[in-house]
Amino acid sequence: MSDSSTGNAPLGAASKAAAAGLAKNQPPAPEKPADTRTHAQILSDVAKNRKDLQETLDAIETKLNVPKQAKLAARRFAAHVETLREENPAVLVAAAAGVAAVVGAAVWLGIRAARR
């Protein structure tokens, strides 16, 4: 069975024609400006970009390192408690009493619920 719609055109000619039509409708590629930097300036830019990339990777690693973040949070909390102790010890005592009351109430309610 012969296909009369394609005639003697090679297989894939329609695809090539469609691609040529698409290419024809594309905007022209923007012209790249000439690079006027010296070799030393290019090396300097490369070194700066490497340094920036290293700083970015270090920041990402620090942010995603959960144990390290936990240690930093504990240090910040300890520093905050130390500052509070030096500036206003009454607030620190009240906060400690409040935490003790909450923990005591939780334990008491837990024991009470377990006995029922």
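Let us look at the structure shown here. (Residues numbered from 1 in each chain as written. Predicted model: local features only at pLDDT ≥ 70, side-chain atom pairs only at ≥ 80, totals over all residues. Heavy atoms only, no water.)

### Points about the overall build of the chain
Inference 1: When you go through the chain residue by residue, the secondary structure sums to 4 helices and 0 strands.
Inference 2: Reading the chain from its N end, one meets helices and strands in the order α-α-α-α.
Inference 3: On C-alpha atoms alone, the chain measures out to a radius of gyration of 36 Å, which is more than a quarter above the 13 Å that the 2.2 N^0.38 rule sets for 116 residues.
Inference 4: Taking the principal axes of its C-alpha atoms as reference, the chain extends roughly 95 × 60 × 20 Å.
Inference 5: A burial count over the chain gives 0% of its 116 residues as buried.
Inference 6: Here the chain displays about 10600 Å² of accessible surface, and carbon together with sulfur accounts for 64% of that area.
Inference 7: With 16 positive and 11 negative side-chain charges, the chain shows a spacing of 11 Å between the two charge centroids. (Helix = DSSP H or I, 4+ residues; strand = E, 2+ residues; numbered from the N terminus. Rg over C-alpha atoms; globule rule 2.2 N^0.38 Å. Buried < 20%, exposed > 50% of the residue type's maximum accessible area, 1.4 Å probe, protein only. Areas by Shrake-Rupley, 256 points an atom, 1.4 Å probe, with all protein chains shown as cover. Lys, Arg positive; Asp, Glu negative; His and termini not counted. Charge placed at Lys NZ, Arg CZ, Asp CG, Glu CD.)

### Concerning a nonpolar patch on the surface
Inference 1: Judged by side-chain polarity, Leu 53, Leu 57, Ile 60 and Leu 64 come together as a nonpolar surface patch covering roughly 410 Å² of accessible area.
Inference 2: Tracing the backbone shows Leu 53 in helix α2 (residues 39-64). (Patch = residues over 30% accessible without salt bridge, like charges linked within 9 Å, V, L, I, M, F, W, Y side chains within 5 Å. Salt bridge = Lys/Arg side-chain N within 4 Å of Asp/Glu carboxyl O.)

### So, the pattern of salt bridges
Inference 1: Tallied over the entire structure, the rule returns 5 salt bridges.
Inference 2: Among the ionic pairs, Asp 35 bridges to Arg 37, the shortest N-O distance being 3.0 Å.
Inference 3: The salt bridge involving Arg 37 is made with Asp 45; its shortest N-O contact spans 2.5 Å.
Inference 4: Here the residues in one salt-bridge network are Asp 35, Arg 37 and Asp 45, joined through shared partners.

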